[in-house]
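Structure assessment
Letter by letter, the chains look like this.
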Amino acid sequence: TWDCLLLKMSKDIQFEPIMPFANINFWNEFNTLKLDKLKLDDKPFPIYGTYTIPLTKTMQGSVITISEKGLPGMKISTLGGIIESKITGLLRNTNTFEEFLKTNRKEVAEKMTLEMTEAIHKGAWLASPEALLKFYMLVHVDLKQYVVKYNFCMPQLKLPKIPLLKSGKAEKMLGKETLLSVESELVKVVQAANATQQGFLPPFLLIEHNKATNVSKCCDSFKPLLSPLQKDVHYLVAYIDPINGYPSSLLKNLIGAIGNSLHDKVSVTFLSLRDKIPKEGDKIELHDSLCFETLIDNVPTLEWDTWIMKEKDTIFEWNIDLKQHMDKV
């Protein structure tokens, strides 16, 4: 397939960039929230975005969807559908366009990267890998003109070249029996996610596979990956990949965190989930998912890219004319 071909053509891992998308329903619900509750309160408040496998084979960019369900107080339906992962973030809405322009974006980014750097240095990410993925939306909504402007910050580590050792379809890389064992364990993880996490799969899963017994189990921490490897034990890092082709840049912070925690090189196999995994059911079949093995070296210093940029020195600004969508809602 094209995905496999792209990976095989690469000596080092290439990453597809993040493309956030705040849909029209989000902005309609946000406007209601601002008028009814927030009013002139411009303090940042928590929201979240979601991602799943690419819905079409031609979809470009690693899409993070910011929808109305990520706003405070919105009910979440977990019935049916395809499993997703979520990313938590903050949204700050400025009351005037002047405030939007004057906001110190460098200060915002530095605060975020400081928190994420501490999560890596202190090892918080080992049991809570969601600490590696955060975002910040700076927003101004002109309710008279019904126009939205926003910038999007999602810190991602700058990595050295990461050698790609081998890649291919999951069954070919892992073997049929191993893949069946992994699929069986993923069913349990998805069922647990439905029961305890509102149907969201953790962004990264460490799966331990015992070759002698052909049994897979999901670890509750990434610590085993950093320990001396045991005989007959193989580790996989599974994650939902929201993009066709190269792996999503969502992996960058995990790879950087692993590298920063290492004293020596380690070979890591990633399971890029690209099949439609239902939220309900007792069977998962990974026909289109890929595996790739990398060699991760020590990453001694953590440097970050932060705001999504238009050019080298220009932050990208989304401009949305909500009037164009009013008759479609």
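This text gives an overview of the structure that appears in the document.

Cut-off values and rules
Residues numbered from 1 in each chain as written. Predicted model: local features only at pLDDT ≥ 70, side-chain atom pairs only at ≥ 80, totals over all residues. Heavy atoms only, no water. Salt bridge = Lys/Arg side-chain N within 4 Å of Asp/Glu carboxyl O. Helix = DSSP H or I, 4+ residues; strand = E, 2+ residues; numbered from the N terminus. Buried < 20%, exposed > 50% of the residue type's maximum accessible area, 1.4 Å probe, protein only. Phe/Tyr/Trp six-rings, centres within 6.5 Å; stacked < 30°, edge-to-face > 60°. Lys NZ or Arg CZ within 6 Å of the ring centre and 35° of its normal. Polar contact = N/O pair within 3.5 Å; in protein donor to acceptor, adjacent residues only side chain to side chain. Contact = heavy atoms within 4.5 Å. Pairing = 2+ DSSP bridges. Core = buried A, V, L, I, M, F, W, Y, C linked by side-chain atoms within 4.5 Å.

1. Some details on the pattern of salt bridges
Taken as a whole and judged by the stated rule, the model has 12 salt bridges. Linking Asp 305 and Lys 158 is a salt bridge whose minimum nitrogen-to-oxygen distance equals 3.8 Å. Taken together, the positions of Asp 305 in strand E13 (residues 304-307) and Lys 158 in the loop between strand E6 (147-157) and strand E7 (164-169) put the pair 147 residues apart, joining distant regions of the chain. The class for Asp 305 is partly exposed, based on a relative accessible area of 40%. Notably, a salt bridge pairs Lys 166 with Glu 293, separated by 3.8 Å at the nearest N-O pair. Here the residue Lys 166 occupies a position in strand E7, and Glu 293 occupies one in strand E12 (residues 290-296), the gap between them amounting to 127 residues.

2. Considering the packing of aromatic side chains
Enumeration over the complete set of coordinates arrives at 13 aromatic pairs. Relative to Trp 318, the ring of Tyr 150 has its centre 5.0 Å away and its plane inclined at 5°; by these criteria the two rings are stacked. Here Tyr 150, found in strand E6, pairs with Trp 318, found in strand E16 (residues 318-321); they are 168 residues apart in sequence, far enough to count as distant. By way of ring pairs, the aromatic residues Phe 26, Trp 27, Phe 30, Phe 45, Tyr 150, Phe 316 and Trp 318 are connected into one cluster. Between the NZ or CZ atom of Lys 86 and the centre of the ring of Tyr 48, over which it lies, the distance is 4.8 Å. Here the guanidinium or amino end of Arg 105 rests over the ring plane of Phe 100, the centre of that ring lying 4.9 Å away.

3. Describing helix H9 (residues 252-260)
Across the nine residues that make up H9, a large majority, eight, are buried. Every buried residue of H9 is listed here: Asn 253, Leu 254, Ile 255, Gly 256, Ala 257, Ile 258, Gly 259 and Asn 260.

4. Digging into the side chain of Thr 117
Among the structural elements, Thr 117 can be located in helix H4 (residues 105-121). A polar atom in the side chain of Thr 117 sits 3.1 Å from the side chain of Trp 304. What Thr 117 contacts, discounting residues up to four positions off in sequence, is Leu 302 and Trp 304.

5. Structural notes on the pairing of strand E2 (residues 45-51)
Counting buried residues along E2, six of its seven residues qualify, which places the element largely inside the surrounding structure. Pairing between E2 and strand E4 (residues 85-94): seven bridges, direction antiparallel. Opposite Gly 49, over in E4, you have Ile 87 as the bridge partner.

6. A closer look at the nonpolar core
One recurring pattern in soluble globular proteins is that nonpolar side chains are buried together. Of all hydrophobic cores here, the largest spans 84 residues; its most connected members are Trp 27, Met 137, Leu 254 and Phe 270. When residues in this core are grouped by element, the largest group, seven residues, is from strand E10 (residues 233-240). Discounting chain neighbours no more than four positions away, the residues touching Phe 270 are Val 237, Tyr 239, Leu 251, Leu 254, Ile 255, Leu 290, Cys 291, Phe 292, Thr 294 and Ile 296. The next biggest cluster of nonpolar side chains, apart from the first, holds eight residues, and it includes Val 108, Met 112, Leu 138 and Trp 307.

7. So, unusual backbone geometry
Of note in this structure, Lys 39 is not a glycine but carries a positive phi near 55°. By secondary structure assignment, the location of Lys 39 is in the loop between helix H2 (24-38) and E2. Judged by its relative accessible area of 48%, Lys 39 falls in the partly exposed class. With a phi close to 55°, Asn 214 is a non-glycine residue in the positive phi region. Within the secondary structure, Asn 214 sits in the loop between strand E8 (205-210) and strand E9 (215-218).

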